[in-house]
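The chain contents come next:
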Amino acid sequence: MEVFANFGLGLAVAGTAENLFYCFLGALIGTLVGVLPGLGPVATVAMLLPVTFHLPAISALIMLAGIYYGAQYGASTTAILVNLPGENSSVVTCLDGYQMARQGRAGPALAVAALGSLFAGIAATFFIALFAPPLAEIALMFGPAEYFSLMLLGLVAAVVLAQGSLLKALAMIVLGLLLSLVGVDVNSGVARMTVGLVPLNDGIGFVPLAMGLFAVAEVIRNLERPEHRLLPQGRITHLWPSWDDFRRSAPAVLRGTSLGTVLGLLPGGGAMLSSFAAYTLEKKLSREPSRFGQGAVEGVAAPESANNAGAQTSFIPLLTLGIPANAVIALMAGAMMIHGVQPGPQVMTSNPDLFWGVIASMLIGNCMLVVINLPLIGLWVRLLHVPYRLFYPFLLAICCIGVYSLNNSTFDVFVLVAFGALGYAFLKWGCEPAPLLLAFVLGPLMEENVRRALVFSRGDASTFVARPISLGLLLLTLVLVLAIVLPAVRRARAN
Amino acid sequence: MRWRGGTDVIVGALLIAVAAAGYWLAADLRIGTAMRMGPGYFPRLVCWVLAGFGLLLAARGLLAGGPPLETWAVRPLLLVSAAIAAFGLLLERLGLVVAVLALVALSRAGGREGRPVEAALLAIGLAVFCVSLFVWLLGMTPPVWPWRR
């Protein structure tokens, strides 16, 4: 079987001492940011991007991926012990996890979350290994028109499936496209919209933009709220779940994993959507729905498996189609591009060691995570007592030095200031920064493909609807938009 | 008095302004034809679409009423921005150590209360950390001290 040979290659790549170390480091940092409520994986990956440029591309991606799925593990700890989601993807885990902790079952809740995540992680890894290659082969047949339509679908689907105002999210996409156009146009060599600033010739920096919108804006927002007193609930006396817990959670883990695997594939999907959907499904299927919210172990098992599966399968659209499905994956896409690897179907053939190495590292990373999380749980609990005021100047310092180190340019530090303030304004205005980031990453590719498609068709714009695959993708985009807009129209008419 | 247009009108108006600015900046770029696009074609297209969304948002806010404005935490916003800007200004002039000290001092002023001694210790600790990690371990070469350049 070719898959096994490829996976073997991946294990050989991921199993080198260097890559094992970065995998472990990623898992460890991921757990850390997962546990800390004021710090999310998007902000962390943005902050660490500059550091990863000193590493080989494979090690960098292995580490960044580890942060993303590692955060899913760590987040459950805070949700269960403190009733605060460490990440958005663990919001629903609070409902039953915290109740379990109050009943003195914190240990089993943590163990179920970690073991469920482990199962989901392993299952999702094999899912990626089996289904990513065929998808990439389909995508290799795409021409520029198909690619443009696919990217449009990816962007629109990402905002339709995310929460918040659709109109604002679409506007954020267009704003992201506009920002991505700043700089020298590759085709003509003309500087565009640079306001005469020479450092802008290379475009607005991806790293200061992402770091400002996510990390700095998050710090400012955290500072406006009074500091939470985090009081971990109860002592953890035993970890091992009872036989009854196992019996109840095994099917929930299976369902959560399947749901998360599928939802992670969708643009805008990933960890958060998966966990919400899995919790709802468990509650609907349960014979005693009243147990939910009162410490039902299924209510921990299903969403925690789902968010880990979803976090991992959201890599598939990136590795096979070159379309980032959410903000973390968009940052990975940026990291790949800066290392000179263009995300897309050709990655599998041109950089098989990278493609399979990253996938295989997920298997290793998940096993490491169980060890990091369960025996060391006491350490993570203690970490929750570190007050935020000691912690945010550290984050800001890492951001500043990291941004500066990219080009040894203080200009990028000022770009960071601008996007930090803008990111805070977006939070206040209810504008999601994630669609802007996705569009910023895809913008140059979209322009390039529009241009190429129109050259091929001799300037005939109907090429986008004349080619069947492209037409299908565009129709799907339209259906998605209408699906959201139509109920709203109907409601407005009824009023 | 609560203004019923809310954030939608403000965001919409700002988007229109950004689109207009973008259009103006792209004004002297050659448009070209659809087949041979000049550098100005795509930016103009994007600006039109952006202005369209801005109009829709503003119109929705005016007609249906948008979500109300939230109060801004001006102090952390200004001081965190100032802290990062100070880092940018000081790094190449006075070196990494001074830049980090300024960053900590300003950003702590923007945040929660806490003893000055604690802030001072934090600043010194962070300066040591940054120099050892970035300069000694990762081999970056920013100026470190004000006197050695």
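What counts and what doesn't
- Residues numbered from 1 in each chain as written.
- Chains lettered and ligands numbered in written order.
- Predicted model: local features only at pLDDT ≥ 70, side-chain atom pairs only at ≥ 80, totals over all residues.
- Helix = DSSP H or I, 4+ residues; strand = E, 2+ residues; numbered from the N terminus.
- Buried ≥ 20, exposed ≤ 12 C-beta atoms within 10 Å, placed from the backbone.
- Contact = placed C-beta atoms within 7 Å.
- Expected span 1.5 Å × (residues − 1).
- Domains from an automatic or database assignment.
- Nonpolar A, V, L, I, M, F, W, Y, C, P; charged D, E, K, R; others polar.
- Axes fitted to C-alpha atoms, helices over the stretch in contact; angles between N-to-C directions.
- Parallel < 35°, antiparallel > 145°, perpendicular 65-115°, else oblique.
- Left-handed = near helix turned anticlockwise from the far one by under 90°.
- Core = buried A, V, L, I, M, F, W, Y, C linked by C-beta atoms within 7 Å.
- Arc of directions from axis to C-beta.

Novice: Which residues make up the overall build of chain B, and what values go with them?
Specialist: In terms of helices and strands, chain B carries five helices and zero strands. Overall, chain B shows an N-to-C arrangement of helices and strands of α-α-α-α-α. Projected onto the principal axes, the alpha-carbon positions of chain B cover approximately 55 × 50 × 20 Å. Taking all 149 residues of chain B together, the buried fraction comes to 39%. Long-range pairs, those at least 24 residues apart, make up 65% of the contacts in chain B with a sequence separation of at least 6.

Novice: If you had to explain helix α11 (residues 271-285) of chain A to someone new, which residues and values would you point to?
Specialist: Its 15 residues place the ends of α11(A) 21 Å apart at the C-alpha level, agreeing with the 21 Å of an ideal helix rising 1.5 Å per residue. If you check which residues of α11(A) are buried, you get A:Ala271, A:Met272, A:Leu273, A:Ser274, A:Ser275, A:Ala277, A:Ala278, A:Tyr279, A:Glu282 and A:Lys283.

Novice: Account for the domain arrangement of chain B, naming residues and giving values.
Specialist: Each assigned domain of chain B is listed here: domain 1 (6-64) and domain 2 (74-137). A straight line from the C-alpha centre of domain 1 of chain B to that of domain 2 of chain B covers 39 Å.

Novice: Describe the environment of A:Gly176, and please don't skip the residues or the numbers.
Specialist: Residues and elements named next belong to chain A. Its place among the elements puts Gly-176 in helix α8 (residues 166-180). Considered as a pair, Gly-176 and Leu-442 are 266 residues apart in the sequence and their alpha carbons are 9.0 Å apart. The contact partners of Gly-176, leaving out residues within four places of it in the chain, are Pro-435, Leu-436, Leu-437, Leu-438, Ala-439, Phe-440 and Gly-443.

Novice: Which residues make up the interface of chain A and chain B, and what values do they have?
Specialist: At the interface, 53 residues of chain A touch 57 residues of chain B. Mapped by element, the contributors of at least two residues to the side of chain A that touches chain B are α8, α9 (206-224), α18 (392-407), α19 (410-429) and α20 (433-456) of chain A. Counting residues per element, the side of chain A that touches chain B draws most heavily on α19(A), which supplies 10 residues. Classifying every residue of the side of chain A that touches chain B gives 36 nonpolar, seven polar and 10 charged.

Novice: Tell me about the packing of helix α3 (residues 41-52) of chain A against α18(A), and name the residues and values.
Specialist: Residues and elements named next belong to chain A. Viewed as axis vectors pointing N to C, α3 and α18 meet at an angle of 40°, and their least axial separation amounts to 9 Å. Here α18 runs oblique to α3, going by the angle between their axes. Between α3 and α18 the crossing geometry is left-handed. For the pair α3 and α18, contact is made by Met-47, Pro-50 and Val-51 and by Leu-395, Ile-398, Cys-399, Gly-402, Val-403, Ser-405 and Leu-406, respectively. Grouping the amino acids of the contact of α3 with α18 by side-chain chemistry returns eight nonpolar, two polar and no charged.

Novice: Tell me about the nonpolar core, residues and numbers included.
Specialist: Counting residues in hydrophobic clusters, the biggest one holds 227 residues, and the most contacted among them are A:Leu61 and B:Leu103. Ranked by residues supplied to this core, first place goes to helix α6 (residues 106-140) of chain A with 19 residues.

Novice: Any details on unusual backbone geometry? Residues and values, ideally.
Specialist: Residue and element names in this part refer to chain A. Located in the positive-phi region is Met-193, a residue other than glycine, with phi close to 50°. Within the element layout of this structure, Met-193 appears in the loop between β2 (191-192) and α9. In this structure, Arg-458 is a non-glycine residue whose phi angle is positive, near 55°. Within the secondary structure layout, Arg-458 lies in the loop between α20 and α21 (463-466).

Novice: Explain the environment of A:Leu319 residue by residue, including any values.
Specialist: Residue and element names in this part refer to chain A. Positionally, Leu-319 belongs in helix α13 (residues 315-321). Judged by C-beta crowding, with 26 C-beta atoms within 10 Å, Leu-319 ranks as buried. When the C-alpha positions of Leu-319 and Pro-345 are compared, they lie 6.6 Å apart, and in sequence the two are 26 residues distant. The contacts of Leu-319, once residues within four sequence positions are left out, are Ala-132, Val-347 and Phe-355.

Novice: Describe the packing of α19(A) against helix α3 (residues 74-94) of chain B, listing the residues and the values that go with them.
Specialist: Where α19(A) meets α3(B), the closest approach of the two axes is 9 Å, and the angle between their N-to-C directions is 175°. The orientation of α19(A) with respect to α3(B), classified from their angle, is roughly antiparallel. Across the interface between the two elements, A:Thr410, A:Val413, A:Phe414, A:Leu416, A:Val417, A:Gly420, A:Ala421 and A:Tyr424 from α19(A) touch B:Leu77, B:Val80, B:Ser81, B:Ile84, B:Ala85, B:Phe87, B:Gly88, B:Leu91 and B:Glu92 from α3(B). Here the contact of α19(A) with α3(B) is built from residues that sort into 12 nonpolar, four polar and one charged.

Novice: Can you explain helix α1 (residues 2-14) of chain A? Please cite residues and give values.
Specialist: Residues and elements named next belong to chain A. Taking 1.5 Å of rise per residue, the 13 residues of α1 would be expected to cover 18 Å, and the 18 Å separating its terminal C-alpha atoms lies within 8% of that figure. Within α1, the full set of buried residues consists of Gly-10, Val-13 and Ala-14. End-on, the buried residues of α1 take up no more than an arc of 90°, which puts them together on one face. Set apart from the buried face of α1 by more than 90 degrees, the exposed residues are Phe-4, Ala-5 and Gly-8. Elements in contact with the buried residues of α1: α2 (17-35), α4 (57-82) and α16 (352-373).

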